[in-house]
Structure formats: C-alpha cells, structure tokens
Amino acid sequence: MIKVQIPATSANIGSGFDSLGLAVTIYNSIELEESDHLTIQTADDTQIPLDESNLVYKSVKYIYDLCGRSFKGMKIRQTNQIPIARGLGSSSACIVGGIVGANHLLGEPLCQQELVNIAATMEGHPDNAAPALLGGLVTAVLEKGKVYYVKQAIAQDLRFVAIVPNFPLETSFARQALPRDVSHKDAVFNLSRSALMSVSLYSGNYSNLKIACDDRLHQPYRLSLINGAHEVFDLAYQHGAYAAYISGSGSTLMAIVSAEKKDFARQIREGCDRLGLEQWKIHDLSVTNVGARVLEE
Ligand code: HSE
C-alpha cells in the first residue's frame, strides 16, 4: 500500500487565465494497493464515485495502460479535504494523485515532465495540474500535449485566505460564461498583468498584486455567478489584503495578505457573518512549495 498526498491549488491568480497557479496547504490523500479487483472507498463523508467513473481510478488505469502493464484492479481509499467544485483544484488532485501513485507502483517509468504533460492534458489546462504536481507558483503553457513551465518557490511571508462559498461552481459551467473573442486591448490588459503577477509574487513586490490580479478575460463574466463576491472583495481590501481574486473558475474567493496580518482570517469570518454568509468557510492557508508526493509505502 502506498499513500500519496496532493495539495490544493489556486489557478489563474486573477489575470493569468489558464496559465498561472499555485499550490496551497490543504491536502487530499490517496491510498493505493494493487488488487485483483477494483475497490474504491472514501475515508471521510465526502461523496465520490465508487465505480469506474472515479477520476483517481481513471488516472491510475491510464498510466498502467500507457506503460503497457497489466491492470487487474486496485484498492483505492481517498481522503478529500479539498472542497469539491470550489475552484481549489479538487479534480486535478485526483488526476495528479492517480498518476503519481500509479507511476510509483510501477517503479517510476515516467519522468516528471511526462507526468506534467499527462496531468495537464487530462485536465485540459495546466494551471491547477502543474502546481498540484510540482508545488509552488507555476507559470505554464500547454502546447500540443507538452507543458512548458517554470516553477518558482514562493516566500512564506504571505497568507492565502480562501473564502469558500456554500455552493459549487463546475469549471465547465463557469467556462460557458466566457466570451468567444476578446479585444486586442483586453488581451494586452491581461498579458501585462499576468506577467506582473508571476514576477511580483516571486520577487516579493507585493504592492503590485492588486493591479496584477485584475483581469478582463474571466472574472468580470463570472462574478455574477458568485452572489456575495463583490462584498467579500470589498471586505478583503478594507482589511488590508494585497489582492483578492476568484480562485480558478470559482466559487472560492482568494485573498492574498501579509503573514503579519494575524487577525485577517478572523476579520473576514466576522465580516462574512455580518453579510449573512455564515455558511461560507474560511481557510487560512499558505503556499506550499512541495507538490504531490508519496508519503508511505
Ligand atoms: N483556468 C480554469 C478556468 C480553471 O478558469 O476555467 C482551472 O484550470
């Protein structure tokens, strides 16, 4: 039996649509053991598919097939701490956990570049899959099945406070809200900011983050899908956040704040309660520079 731990991820970081993402400190874990039949269990009360539609199973099986190894079955046990369909990379965690675990069980036939390529291709974009696998802040391009990326380790002087609504938002649905075409002006607006986001986070120029997370490619179209988002963004800035943005395709809203602001998460909790958002959850997180890893044999 092996156990794989995979971090949650926050993709886009505002302006870096489908290209920027970072790993944060909530984790799923997946236990895997070869078997002559398929058994899928959940170690908590999270509802997950227990048949062949399970994403961990599909990812494990994909790797066995790709490597030409016979697959009779698998015991899979999942612990899901990453909220599902909330823009924190829960599906990437399943894919990455499945392929990293399968690769380990098979004796590591695939290198990290191959794993990144497979995970991003299965997910459709690299901005959650790559940081889930690699940790840190990842800037990535998926081109013809290959991911071109740079992973940067981020300093621990920031907190990422995830404000998680009590309703899901499926990425496929949130992508339908986006326009087919954008203007040249809006393209320039975003590409300049996403470049600024990546280097500002890495170099510690945090005063740039508010401008850098602004975007015209997805957030303006998705805000109306998240009732309360405007008020929560205002709240985050009132309490001194460097930046606030829709995490991935939502529904989570992420605030980036100095680690010195020790009261921030509590202030957001109280503010959400005042706004009638008592059922929203607050997770006070940091970036993890370590991606998916095998913990136990
Ligand atoms: N970048 C994706 C989107 C979500 O915003 O639709 C994460 O992969």
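Everything discussed here concerns the structure shown above.
Residues numbered from 1 in each chain as written. Predicted model: local features only at pLDDT ≥ 70, side-chain atom pairs only at ≥ 80, totals over all residues. Heavy atoms only, no water.

Undergrad: Explanation requested: the pairing of strand 8 (residues 243-246) in the structure shown.
TA: When a strand is regular, its side chains alternate between the sheet's two faces. Alternating residues of strand 8 divide into A243 and Y245 and A244 and I246, and every residue in both groups is buried. Here strand 8 pairs with strand 9 (residues 253-258) via four bridges, running antiparallel. Note that in strand 9 the partner of I246 across the bridge is L253. Counting the residues in the hairpin turn of strand 8 and strand 9 gives six residues, including G248, whose phi is positive at 55°. (Buried < 20%, exposed > 50% of the residue type's maximum accessible area, 1.4 Å probe, protein only. Helix = DSSP H or I, 4+ residues; strand = E, 2+ residues; numbered from the N terminus. Pairing = 2+ DSSP bridges.)

Undergrad: Looking at this model, I keep getting lost on helix 2 (residues 90-105). Mind explaining?
TA: A turn of α-helix holds 3.6 residues, and therefore any two residues three or four places apart point the same way. The terminal C-alpha atoms of helix 2 lie 22 Å apart, and with 16 residues this matches the ideal 22 Å at 1.5 Å per residue to within 8%. Of all 16 residues in helix 2, 13 are buried, a share of seventy percent or more. Positive backbone phi, at 90°, marks G107, one or two positions downstream of helix 2. (Expected span 1.5 Å × (residues − 1).)

Undergrad: When you look at the nonpolar core in this model, what are you seeing that I'm missing?
TA: Inside soluble globular proteins, nonpolar side chains tend to come together where they are buried. Membership of the largest hydrophobic core comes to 64 residues, with the highest contact counts inside it found for I13, F160 and L201. Among the elements that take part in this core, helix 2 stands out by supplying seven residues, more than any other. Core analysis: the second largest hydrophobic core is formed by 23 residues, F233, A241, C272 and L277 among them. (Core = buried A, V, L, I, M, F, W, Y, C linked by side-chain atoms within 4.5 Å.)

Undergrad: How should the site of the ligand be read in this particular structure?
TA: What surrounds the ligand is the set A11, N12, F17, D18, H125, D127, N128, T171, R175, R222, G248 and S249. In this structure, a nitrogen atom belonging to the ligand sits 2.6 Å away from a side-chain N or O atom of D127. Take N128: an N or O atom from its side chain is 3.4 Å from an oxygen atom of the ligand. For the ligand, the accessible surface in isolation is 260 Å², of which the surrounding protein chains cover 99%. (Near = heavy atom within 4 Å. Polar contact = N/O pair within 3.5 Å; in protein donor to acceptor, adjacent residues only side chain to side chain. Areas by Shrake-Rupley, 256 points an atom, 1.4 Å probe, with all protein chains shown as cover.)

Undergrad: Would you mind showing me how to read helix 6 (residues 184-203) here?
TA: Here helix 6 is 20 residues long and its end C-alpha atoms lie 29 Å apart, about the 28 Å a rise of 1.5 Å per residue gives. For helix 6, the elements touching its buried residues are strand 2 (20-34), strand 5 (137-143), strand 6 (146-152), strand 7 (158-164) and helix 7 (209-212). (Contact = heavy atoms within 4.5 Å.)

Undergrad: Looking at this structure, I do not really get the pattern of salt bridges. What am I missing?
TA: It is possible for side chains bearing opposite charge to pair when their charged atoms get close. Applying the stated criterion across every chain, the model contains nine salt bridges. With a closest N to O distance of 3.7 Å, R266 and D263 form a salt bridge. One salt-bridge network, held together by shared partners, links D263, R266 and E270. (Salt bridge = Lys/Arg side-chain N within 4 Å of Asp/Glu carboxyl O.)

Undergrad: Any chance you could explain unusual backbone geometry here in plain terms?
TA: Among all residues except glycine, the phi angle is most often negative; among peptide bonds, the trans geometry is most common. Put simply, G250 and S251 share a cis peptide bond, and its omega is 15°. Counting through the fold element by element, S251 comes out in the loop between strand 8 and strand 9. A positive phi angle, near 60°, is found at E108, a position not held by glycine. Relative to the elements of secondary structure, E108 occurs in the loop between helix 2 and helix 3 (112-123). With relative accessibility at 45%, the residue E108 sits in the partly exposed group. A positive phi angle is found at K144, which is not glycine, with a value near 50°. Structurally, the position occupied by K144 is in the loop between strand 5 and strand 6.

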